[in-house]
Amino acid sequence: MRVLGISGSLRRDSLNRRLLRAAAALLPPGVELVELDPAAIKSLPIYDQDDDTTLVPLEVGVLRQAIEEADGILFATPEYNGSIPGGLKNAIDWASRPVKAAALRNKPVAVVGASPGMFGAVWAQGDLRKALGVAGARVVDRELPVAQADEAFAFDDKLVDEDLELELRGIITDLVEAIHARERAVA
Amino acid sequence: MAATGTTTTIPQGTWAIDPVHSSASFAVKHMVVATFRGRFEDVEASLVADDAGAKLVGTVKADSIVVKDENLAEHLKSPEFFDTEQYPDITYTSTSLRRDGDELVADGELTIKGNTHPVEARGTITDPAVTFGDVEKIGVTLEAIVDRTKFGLEWNAPLPKGGFALADDVKLVVELELAKS
């Protein structure tokens, strides 16, 4: 089983990329987490329906294929101005079309988030879960706000706070169960 | 005028749906002020009546939902609403059918999105009519009002000045043309 990790923050030392690595260390046997190259989000053109034809830009095809090939997705998002980073929203917009065969359609997804502030990107997580739901994804009904995230990780990217780590493990368990449930439904 | 009183007998036999001339639809209050309607294209139903009693069963393919906007239809199929991948069938089985003249009262169990609840439906039933090719047909209509939130359809959105975009109560309407088989 392969889970795609998508960080809404693209920078090399991103706290949310560290959160994805913390999640990767908690996966049950037989599950791997592959992080989407941030360049796959950075290189996307802004969504334009005129460009959304049978011949989409190459970068769009790469993103859609990466999502289609994953059994599920773990999103880790920061919060920019109280909401989702524009680049991440743009990626969701591309991956939600064409509506009847969208890469995100019925895809099990879960959302976590980290921010250096006091609230752990909780608004962004809410907005991201809303957008993913409208896009047709199968959204795990919980969140993980990691606040003051510049102090939340150990040297090996594990979460220092045991309660947060337990919650992250729970979200992963729910995501894996949603993937299994989908496999049973379409079998 | 020979008739005295009204018949309480469901026409005997096994009656199968004519899908082209049957429908299953729904109506729900939208934005407080209006009624929004949609339908399901793929409807199966049969009515069996014999000396032991009568039973109506039906299945609607949730994925066959039709509304005027394609994007909305896909949203309604998604996990936020009917989750048609996980729950492809909406099913109904009557537990009691009672006829009084043209009127029909049906108690039954409705299953949507894996949630089963009893519903009482009211409508009409006809006596058999001989149609083209000597095929005997009857007509059955039923209406029921259900609380969608009990069936796992809990989506809503608050309106800016109070209230919600979508009502909880949904009217279900089936109109069946059934042929004797």
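Our subject is the structure listed above.
Residues numbered from 1 in each chain as written. Chains lettered and ligands numbered in written order. Predicted model: local features only at pLDDT ≥ 70, side-chain atom pairs only at ≥ 80, totals over all residues. Heavy atoms only, no water.

Trainee: Can you walk me through the interface of chain A and chain B in this structure?
Mentor: Interface size is commonly expressed as the accessible surface area that is lost when the partners come together. Counting from both sides, the interface comprises 15 residues of chain A and, opposite them, 12 residues of chain B. Overall, the association of chain A and chain B removes approximately 1100 Å² of surface from exposure, summing both partners, and the carbon and sulfur fraction of that is 45%. Ionic pairing is found between Glu85 of chain B and Arg182 of chain A, a salt bridge with its closest N-O pair at 2.8 Å. Put simply, chain A and chain B have six residue pairs in polar contact (both at pLDDT 80 or more) between them. Here the element with the most residues in the side of chain A that touches chain B is helix α6 (residues 162–186) of chain A; it accounts for four residues. Here the residues of the side of chain A that touches chain B are counted per class, giving six nonpolar, three polar and six charged. (Contact = heavy atoms within 4.5 Å. Buried area = accessible area lost by both parts, 1.4 Å probe. Salt bridge = Lys/Arg side-chain N within 4 Å of Asp/Glu carboxyl O. Polar contact = N/O pair within 3.5 Å; in protein donor to acceptor, adjacent residues only side chain to side chain. Helix = DSSP H or I, 4+ residues; strand = E, 2+ residues; numbered from the N terminus. Nonpolar A, V, L, I, M, F, W, Y, C, P; charged D, E, K, R; others polar.)

Trainee: In this structure, what is going on with helix α4 (residues 86–95) of chain A? I would like to understand it.
Mentor: Because each turn of an α-helix spans 3.6 residues, side chains separated by three or four positions end up pointing in the same direction. Looking at α4 of chain A, one finds that the buried residues are Leu88, Asn90, Ala91, Ile92, Trp94 and Ala95 of chain A. On the buried face of α4 of chain A, the contacting elements are β1 (2–7), α2 (38–42), α3 (58–69), β3 (72–77) and α5 (122–134) of chain A. (Buried < 20%, exposed > 50% of the residue type's maximum accessible area, 1.4 Å probe, protein only.)

Trainee: Before we go on, may I ask you to explain the packing of α3 of chain A against α4 of chain A in this structure?
Mentor: How two helices sit against one another is set out by the angle between their axes and by the gap between those axes. All names here are of chain A. Remark: α3 packs on α4, axes separated minimally by 10 Å, with the N-to-C direction vectors making an angle of 80°. In terms of orientation, α3 lies roughly perpendicular with respect to α4. Here α3 contributes Val60, Leu63, Arg64 and Ile67 to the contact with α4, which in turn contributes Ala91, Trp94 and Ala95. The class makeup of the residues in the contact of α3 with α4 is six nonpolar, no polar and one charged. (Axes fitted to C-alpha atoms, helices over the stretch in contact; angles between N-to-C directions. Parallel < 35°, antiparallel > 145°, perpendicular 65-115°, else oblique.)

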